[in-house]
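Summary of the model geometry
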Amino acid sequence: MAQLTHRTTAFQKTLSAAILSTRHLSTSPITVETSVPFTAHNIDPPSRSVETTPQELLTFYRDMALMRRMEIAADSLYKSKLIRGFCHLYDGQEAVAVGMEAAITKKDCIITARMFEGEGRFDALYKKEGGFYGGHGIVGAQVPLGCGLAFAQKYSKDENVTFAMYGDGAANQGQLFEALNMAALWDLPAILVCENNHYGMGTAEWRAAKSPAYYKRGDYVPGLKVDGMDAFAVKQACKFAKEHALKNGPIILEMDTYRYHGHSMSDPGSTYRTRDEISGVRQERDPIERIRKLILSHDLATEKELKDTEKEVRKEVDEAIAKAKESPLPDPSELFTNVYVKGYGVELNKSLLELDLTNLSRFSVEQSLVLFSNIKLTLLVIDCISQSFGADRKELRAVLP
Amino acid sequence: MWGIIRQRAACKGNHALNLEQGIRAIALRAFSSSAKQMTVRDALNSALDEEMSADPKVFIMGEEVGEYQGAYKISKGLLDKYGPDRVVDTPITEAGFAGIGVGAAYYGLRPVIEFMTFNFSMQAIDHIINSAAKSNYMSAGQISVPIVFRGPNGAAAGVGAQHSQCYAAWYGAIPGLKVLAPYSSEDARGLLKAAIRDPDPVVFLENELLYGESFPISDEVLDSSFSLPIGKAKIEREGKDVTITAFSKMVGYALQAADILAKEGINAEVINLRTIRPLDRSTINSSVRKTNRLVTVEEGFPQHGVGAEICATVVEDSFEYLDAPVERIAGADVPMPYAANLERMAVPQVEDIVRAAKRACYRSR
């Protein structure tokens, strides 16, 4: 969920912009070294030196702080039962999303797993015009789908790529290898990104995979192992992968990352790993801390300014939550909307009319009007009517528009 | 007000209805040399060809669809005409290529994914249901999936248990899918074209044993803009004593049964469902209200089958009109045997349909 928020939030006039304009530094280049060199399989790795700017550094900080704040907020919203279903938190892994976003355009496609159900509509979790094709609930399914997006990009001759993201848990799925085989055969511009946080739910990678070197598992497909807690390493790797995929077909990126929370809200996250491990990673490798140190060492902002950014971000999240809390549950008629794009080319005959109208009193005025207007439209254009049913089909029947 | 509506409906008419009457007229003169004949195979091939020609986003993907010319020759000649970018041979990896097809549909292409038989679709069923059928709903209309999954369904001859299952009932249960089952060449052409043009995911259940069968076909059907409406059943044979519903190969059997019944004074109405989902409840109920008796026929397993749904819908909507319990004819409740005599017992035969119709008419001993 935090990945999405990051992707769809436009750059706002924020404290960071204000800081930069007073220092007149925003676009002067800075070179940063990645924390560790890249490990490569069947390919020459990119350089450890990454070009960036003060503006980008401050944006990274702000965006990651926003993501972190969102995850913590989601935690408490779930515990107060305002988020239902499953909730999988992402804190610790922010650098992967932020680094990737910096390397790609809105025309590149992203598809991932992990979704949750919240108040309101699902449409917030998909954003087709931004190239975000949703979180998919079936582990591993998103990889063939992502290769399909890449297939379509190549078919349409768009010079763009697809990032199909999955975790170490999904990395052993058979359909992943089926799709990878076809992607390699047909040179599809597909980048498979394994976010390896080392635990598939409660199962450590060494207990699930005979070979947990996921960047090598593509065999004939080249791979790169990347420090997923370093946003600049992620950015460099994604840029590199995009150039490669457009020319040579698929590539695997393994992001070595870590999640602080358990797999889901019912998982304390400590029955299968030690608390020392979690706090150790938080101290040594936290992605936000890394950027904070870089900002301070390059003198791009003061401690106070960064604290103010955090406060601003917190306020933004609180406001969004307040707004979400106010928004109503969907109208009951929405039970039946969007089952299909298009109804059916069926001629309306009188007996169907009789069947539908017996239930008219149970529809709201708006729905009845839709029903009537559909009937009129149907008679004139001989198009679009069919039935769907609620739990008690005598009580609730809908005409699918 | 209803009078005006009825009048308007009559005036506007129904393209398909006129067509039906035309076809029936031709069928009555079926054996004159002036009527054109077309096999179901050619009907499917020509439909694919025309739709690919009309829309560059349509492409075919599946095992042996290209260089082999199609496992059952349905895609014959298409590779030469449209090239390997649009007629794509895949490895034997159904889950993989079904997922790739759905992903391509997310992006806006119009894939036609072939399963060599629908038995193999079980390897890919997660993508058909969770990735394709549910996406438009889950994304509140943002991600539509204009894909067609097609291939032979149901029993062939002597192919055994793992290659003979009918999937109409399974796929027919899923909201978000449209499920079609053509019988004749006209059905094959019209419904495949409608399926490819449709913006929703369609499961298109063909029948291997029908591929080689010839049916009379009119010029209107041969026109490249021809299509049949999804969700509308066809009354193949009008009658007044008992309604027999069927789809795919069983329509032929039901028509044969109707001829036998006619000699014994029972005038059967045969409905070719054409669409399994959405079921044309309206046509079925209107027919039962006229005849008061119903026999459902299908090839698939009986429990939770298409016939069970038809029976339930008639009991719900037309109970007072029923003069006899609904009869169900279905495949035997066993995995399909290989031995020819046992296989014959496991699949409905014409005699079974005749017997059931007589029971429904209280005419059996």
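Chain B carries the name Pyruvate dehydrogenase E1 component subunit beta in an unreviewed UniProt entry, which gives Rehmannia glutinosa as its organism. Recorded in UniProt under Cofactor (unreviewed entry), the annotation for chain B is "thiamine diphosphate". One UniProt comment on chain B, placed under Function (unreviewed entry), says "The pyruvate dehydrogenase complex catalyzes the overall conversion of pyruvate to acetyl-CoA and CO2."

Going by an unreviewed UniProt entry, chain A carries the name Dehydrogenase E1 component domain-containing protein and comes from Rehmannia glutinosa. Its UniProt record gives chain A the following Cofactor (unreviewed entry) comment, quoted word for word: "thiamine diphosphate".

The next thing to look at is the overall build of chain B. Along the backbone of chain B there are 15 helices and 14 strands. Scaling as 2.2 N^0.38, a compact globule of 365 residues should have a C-alpha radius of gyration of about 21 Å, and chain B matches this with 20 Å. For chain B, the spread of C-alpha atoms along the three principal axes comes to 60 × 55 × 50 Å. Within the span of chain B, comprising 365 residues, buried residues form 61% of the whole. Taking as baseline every contact in chain B between residues at least 6 positions apart, the subset at least 24 positions apart corresponds to 82%.

Time to look at the nonpolar core. One finds Phe151 of chain A together with Phe149 of chain B to be the most contacted residues of the largest nonpolar core, which totals 78 residues. Excluding anything up to four places from it in sequence, phenylalanine 151 of chain A contacts Trp186 and Leu188 of chain A together with Phe59, Met61, Asp85, Val88, Ile100, Ala104 and Leu109 of chain B. Residues Tyr82, Ala155, Met336 and Ala357 of chain B belong to the second largest nonpolar core, which totals 62 residues.

Moving on to the sheet that holds strand 9 (residues 234-237) of chain B. Residue and element names in this part refer to chain B. Taking strand neighbours across the sheet as the criterion, the five strands line up as 9-11-10-13-14 in an open arrangement whose pairing is mixed. Either end of the sheet is taken by a strand with one partner, and the two such strands are strand 9 and strand 14 (327-329). Each strand of the sheet is rotated relative to its neighbour by a mean of 25°, with strand direction disregarded.

Attention now moves to the pattern of salt bridges. Side-chain pairs of opposite charge can arise where the charged atoms are in close proximity. Residues and elements named next belong to chain B. In this structure the tally under the stated criterion is 40 salt bridges over all chains. Of the charged contacts, one joins lysine 178 and aspartate 198 as a salt bridge, the two residues approaching to 2.9 Å between their closest N and O atoms. Placement of lysine 178 in strand 6 (residues 178-180) and of aspartate 198 in the loop between helix 9 (185-197) and strand 7 (202-206) is noted, with a sequence separation of 20 residues between them. Both residues of the pair, lysine 178 and aspartate 198, belong to the buried class. As a salt-bridge pair, glutamate 236 and lysine 234 come within 3.6 Å of each other at their nearest N and O atoms. The two residues glutamate 236 and lysine 234 agree in class, both being buried. Residues joined in a network through salt bridges with shared partners are Glu50, Glu51, Arg189, Lys193 and Arg197.

For the rest of this paragraph, the subject is helix 12 (residues 281-291) of chain B. Residue and element names in this part refer to chain B. Helix 12 sits mainly inside the fold: eight of its 11 residues count as buried. If you check which residues of helix 12 are buried, you get Arg281, Ser282, Thr283, Ile284, Asn285, Ser287, Val288 and Thr291. Following helix 12 by one or two positions, asparagine 292 adopts a phi angle in the positive range, close to 70°.

Moving on, we come to the UniProt feature "domain: Transketolase-like pyrimidine-binding" (unreviewed entry) in chain B. What UniProt calls "domain: Transketolase-like pyrimidine-binding" (unreviewed entry) maps, in this numbering, to residues 38-213 of chain B. Between the C-alpha atoms that bound residues 38-213 of chain B the distance is 8 Å, and the span itself is 37% helix and 16% strand.

What follows concerns unusual backbone geometry. A negative phi angle is the norm for most residues apart from glycine, just as the trans form is the norm for most peptide bonds. With an omega of 0°, the peptide bond between arginine 277 of chain B and proline 278 of chain B qualifies as cis. You will see that histidine 198 of chain A, though not glycine, has its phi angle at about 75°, which is positive. With respect to the element layout, histidine 198 of chain A can be found in the loop between strand 9 (190-196) and strand 10 (199-200). Under the relative-accessibility criterion, histidine 198 of chain A is labelled buried at 17%.

Let us now look at the side chain of threonine 296 of chain B. Residue and element names in this part refer to chain B. For threonine 296, the location among the structural elements is in strand 13 (residues 294-297). Owing to a relative accessible area of 1%, threonine 296 belongs among the buried residues under this scheme. With residues near it in sequence (within four places) discarded, threonine 296 still touches Thr245, Gly307, Ile310, Val326, Glu327, Arg328 and Ile329.

The first and last C-alpha atoms of helix 11 (residues 249-263) of chain B sit 23 Å apart over 15 residues, in line with the 21 Å expected at 1.5 Å per residue. Buried within helix 11 of chain B we find Lys249, Met250, Val251, Gly252, Tyr253, Ala254, Ala257, Ala258 and Leu261 of chain B.

The next point concerns the pairing of strand 2 (residues 58-62) of chain B. All names here are of chain B. When you tally the buried positions in strand 2, you get five out of five residues, the bulk of the element. Side chains Val58, Ile60 and Gly62 project from strand 2 onto one buried face, and the interleaved Phe59 and Met61 project onto a second face that is buried too. Here strand 2 pairs with strand 4 (residues 110-114) via five bridges, running parallel. Within the sheet, the bridge partner assigned to valine 58 lies in strand 4 and is arginine 110. Note that strand 2 and strand 3 (residues 87-89) share three bridges and pair parallel. Among the inter-strand pairings, glycine 62 is bridged to a residue of strand 3, identified as aspartate 89.

We now examine the sheet that holds strand 12 (residues 223-227) of chain A. Residue and element names in this part refer to chain A. Taken in spatial order, the seven strands line up as 2-12-13-9-8-5-7 in an open sheet, and their pairing is mixed. In this open sheet, the two edge strands, each paired with only one partner strand, are strand 2 (39-41) and strand 7 (132-136). The mean inter-strand angle of the sheet, taken between neighbouring strand axes irrespective of direction, is 20°. Looking at chain direction, strand 8 (residues 162-167) and strand 9 are connected through six bridges and run parallel. Opposite phenylalanine 163, over in strand 9, you have isoleucine 191 as the bridge partner.

As a further point, take the UniProt feature "domain: Dehydrogenase E1 component" (unreviewed entry) in chain A. In the numbering adopted here, UniProt assigns the feature "domain: Dehydrogenase E1 component" (unreviewed entry) to residues 62-113 and 118-332 of chain A. Strand forms 13% of residues 62-113 of chain A and helix 54%; the C-alpha atoms that close the span are 24 Å apart.

Before going further, it helps to examine the packing of helix 3 (residues 54-79) of chain A against helix 4 (residues 94-103) of chain A. Residue and element names in this part refer to chain A. Running from N to C, helix 3 and helix 4 cross one another at 140°; their axes reach a closest spacing of 10 Å. As far as their axial angle goes, helix 4 and helix 3 are oblique. Viewed along their axes, helix 3 and helix 4 form a crossing whose handedness is right-handed. Contacts from Glu56, Phe60, Asp63, Met64, Met67 and Arg68 in helix 3 reach Glu94, Ala95, Ala97, Val98, Gly99 and Ala102 in helix 4. Residue composition of the contact of helix 3 with helix 4, by class: seven nonpolar, one polar and four charged.

With that settled, the discussion passes to the packing of aromatic side chains. Inspection of every chain in the model, using the stated rule, returns 16 aromatic pairs over all chains. Geometrically, the ring pair formed by phenylalanine 97 of chain B and phenylalanine 115 of chain B is tilted, given 6.3 Å between the ring centres and 35° between the ring planes. Pair noted here: phenylalanine 97 of chain B is in helix 5 (residues 94-107) and phenylalanine 115 of chain B is in the loop between strand 4 and helix 6 (125-133), with a separation of 18 residues, a long-range link. Judged by its relative accessible area of 0%, phenylalanine 115 of chain B falls in the buried class. Measuring from centroid to centroid gives 5.7 Å for phenylalanine 115 of chain B and phenylalanine 118 of chain B, while their planes differ by 65°, and the two rings are edge-to-face. Members of the aromatic cluster, connected to one another through ring pairs, are Phe97, Phe115, Phe118, Phe149, Tyr167, Trp170 and Tyr171 of chain B. A cation sits over an aromatic face here: arginine 273 of chain A above tyrosine 199 of chain A, 5.5 Å from the ring centre. The aromatic ring of tyrosine 260 of chain A is capped on one face by arginine 282 of chain A, whose charged end is 4.1 Å from the ring centroid.

Definitions and cut-offs
- Residues numbered from 1 in each chain as written.
- Chains lettered and ligands numbered in written order.
- Predicted model: local features only at pLDDT ≥ 70, side-chain atom pairs only at ≥ 80, totals over all residues.
- Heavy atoms only, no water.
- UniProt positions renumbered as here; feature names shortened; annotations may be inferred.
- Helix = DSSP H or I, 4+ residues; strand = E, 2+ residues; numbered from the N terminus.
- Rg over C-alpha atoms; globule rule 2.2 N^0.38 Å.
- Buried < 20%, exposed > 50% of the residue type's maximum accessible area, 1.4 Å probe, protein only.
- Contact = heavy atoms within 4.5 Å.
- Core = buried A, V, L, I, M, F, W, Y, C linked by side-chain atoms within 4.5 Å.
- Pairing = 2+ DSSP bridges.
- Axes fitted to C-alpha atoms, helices over the stretch in contact; angles between N-to-C directions.
- Salt bridge = Lys/Arg side-chain N within 4 Å of Asp/Glu carboxyl O.
- Expected span 1.5 Å × (residues − 1).
- Parallel < 35°, antiparallel > 145°, perpendicular 65-115°, else oblique.
- Left-handed = near helix turned anticlockwise from the far one by under 90°.
- Nonpolar A, V, L, I, M, F, W, Y, C, P; charged D, E, K, R; others polar.
- Phe/Tyr/Trp six-rings, centres within 6.5 Å; stacked < 30°, edge-to-face > 60°.
- Lys NZ or Arg CZ within 6 Å of the ring centre and 35° of its normal.

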